[in-house]
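# Observations on chain architecture
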Amino acid sequence: MITIRKAEERGHFDLRWLDTYHTFSFDQYHDPAHMHFRSLRVINEDRVAPAQGFPTHSHRDMEIITYILSGALEHRDSMGNGSVIRPGDVQRMTAGTGVSHSEFNPSESEEVHLLQIWILPKAHGLAPGYEEKRFAEEEKRGQLKLIASGDGRDGSVTINQDACLYASVLDAGQIVTHKLTPNRYAWLQMARGTLRLNELELKQGDGAAISKESDLTIAAHDHAELLLFDLA
């Protein structure tokens, strides 16, 4: 069974400095029908205006992944980490017992477009942690590249949950497949472009909740980028 979460049905707020879409309930957006999917708690598609950003704020008991689509984002946190991440960089922060951080667009002219992802951890009270790795577009082109996993295999960042996150960049006509083992679920999030997931059409911003399926076939209609979550 595949259920599409249409892009235009997401929660949406335009705060001038921030244009944001919420796939699941978040902050001022509350939808009892879309609270989470398995351990996947948040997918926010954010566009942050030049020289703007999120002031210092705190999180706890959450695995937070930031995936940049365009532009750059400057990160600083209470663990002493500070960096500027760009397309190809994957940032993982374990909030655990508590972390404060800020996120800022350092450009004076270009907005930053990103996906912020929250995954519920396998346990509360974990030690805070930070990890950042780069995955070149060539590693994702025409294939599903593992970028986050519970065991950090294949060079992926390590998250504290039984979940795998794949990224893929496809040209028109390219096809990738993924097999789900029994009792596994998946979520596909469209970052850009259009494609067909089995027999269903998806466009930029759409998501798809997948259950009781064993084989996924993803065929791009045009230049497309996607994230695929394999979840317990």
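In what follows, the accompanying structure is described.

About the thresholds
Residues numbered from 1 in each chain as written. Predicted model: local features only at pLDDT ≥ 70, side-chain atom pairs only at ≥ 80, totals over all residues. Heavy atoms only, no water. Helix = DSSP H or I, 4+ residues; strand = E, 2+ residues; numbered from the N terminus. Rg over C-alpha atoms; globule rule 2.2 N^0.38 Å. Buried < 20%, exposed > 50% of the residue type's maximum accessible area, 1.4 Å probe, protein only. Contact = heavy atoms within 4.5 Å. Areas by Shrake-Rupley, 256 points an atom, 1.4 Å probe, with all protein chains shown as cover. Phe/Tyr/Trp six-rings, centres within 6.5 Å; stacked < 30°, edge-to-face > 60°. Pairing = 2+ DSSP bridges. Axes fitted to C-alpha atoms, helices over the stretch in contact; angles between N-to-C directions. Polar contact = N/O pair within 3.5 Å; in protein donor to acceptor, adjacent residues only side chain to side chain. Core = buried A, V, L, I, M, F, W, Y, C linked by side-chain atoms within 4.5 Å. Salt bridge = Lys/Arg side-chain N within 4 Å of Asp/Glu carboxyl O.

### Considering the overall build of the protein chain
Looking only at helices and strands, the protein chain features 1 helix and 22 strands. Taking 232 residues into account, the globule formula puts the C-alpha radius of gyration at 17 Å, and the protein chain, at 17 Å, falls close to it. A principal-axis box enclosing the C-alpha atoms of the protein chain has dimensions of 45 × 40 × 40 Å. Per-residue burial for the protein chain yields a buried fraction of 53% across its 232 residues. Contacts in the protein chain between residues far apart in sequence, at least 24 positions, make up 70% of those at least 6 positions apart. Split by element, the accessible area of the protein chain, about 10200 Å² in all, is 48% carbon and sulfur.

### Re the packing of aromatic side chains
The relative placement of two aromatic rings is captured by the distance of their centres and the angle of their planes. Applying the stated criterion to the full structure yields 5 aromatic pairs. Ring geometry for tryptophan 17 against phenylalanine 54: centres 5.3 Å apart, planes inclined by 75°, an arrangement best described as edge-to-face. With tryptophan 17 in the loop between strand 2 (11-14) and strand 3 (18-22) and phenylalanine 54 in strand 5 (residues 53-59), the pair connects residues that are 37 residues apart, well separated along the chain. The exposure class assigned to tryptophan 17 is partly exposed, which follows from its relative accessible area of 25%. Relative to tyrosine 185, the ring of phenylalanine 37 lies with its centre 6.4 Å away and its plane at 80°, an arrangement referred to as edge-to-face. Separated by 148 residues along the polypeptide, phenylalanine 37 in the loop between strand 3 and strand 4 (40-48) and tyrosine 185 in strand 17 (residues 185-192) bring together distant segments of the chain. Residue class for phenylalanine 37 comes out buried when judged on its relative accessible area of 15%.

### Some points on the sheet that holds strand 19 (residues 200-202)
Taken in spatial order, the 4 strands line up as 16-21-18-19 in an open sheet, and their pairing is antiparallel. The open sheet is flanked by strand 16 (175-179) and strand 19, the only strands paired with a single partner. Pairwise comparison of adjacent strand axes, ignoring direction, gives a mean angle of 25° for this sheet. Here 3 bridges tie strand 18 (residues 195-197) to strand 19, and the two strands are oriented antiparallel to one another. From the neighbouring strand, leucine 195 faces strand 19, where its bridge partner is leucine 202.

### Regarding the environment of glutamate 213
When you line up the elements, glutamate 213 lands in the loop between strand 20 (207-210) and strand 21 (215-220). Residues glutamate 213 and arginine 153, 60 residues apart in the sequence, show an inter-C-alpha distance of 24 Å. With near-sequence residues (within four places) excluded, glutamate 213 lies in contact with Met1, Ile2, Leu180 and Asn198. Of the polar contacts made by the side chain of glutamate 213, one reaches the backbone nitrogen of methionine 1; its length is 2.7 Å.

### With respect to the nonpolar core
Ranked by internal contacts, the top residues of the largest apolar core, which has 25 residues, are Leu40, Leu227 and Phe229. Counting residues per element, the ones that place at least two in this core are strand 4, strand 6 (63-70), strand 11 (112-119), strand 13 (145-149), strand 15 (163-170), strand 17 and strand 22 (224-231).

### Examining the sheet that holds strand 3
Strand order in the open sheet formed by 7 strands is 2-3-4-11-6-9-12, and the pairing between neighbours is antiparallel. Of all strands in the sheet, those with a lone pairing partner are strand 2 and strand 12 (129-134), marking the two edges. Going across the sheet, the axis of each strand differs from the next one's by a mean of 15°, ignoring polarity. Sheet topology places strand 6 next to strand 11; 7 bridges connect them, and they run antiparallel. Within the sheet, the bridge partner assigned to isoleucine 65 lies in strand 11 and is isoleucine 117.

### Here we look at the pattern of salt bridges
Here the structure, examined in full by the defined rule, presents 18 salt bridges. Of the charged contacts in the structure, one is a salt bridge between glutamate 111 and arginine 47, with a shortest N-O distance of 3.6 Å. Remark: arginine 47 occurs in strand 4 and glutamate 111 occurs in the loop between strand 10 (99-104) and strand 11; sequence separation between them is 64 residues. A salt bridge links aspartate 171 to arginine 141; its shortest N-O distance comes to 2.9 Å. Of this pair, aspartate 171 sits in the loop between strand 15 and strand 16 while arginine 141 sits in the loop between helix 1 (137-140) and strand 13; the two residues are 30 residues apart in sequence, bridging distant segments of the chain. Judged by its relative accessible area of 31%, arginine 141 is partly exposed.

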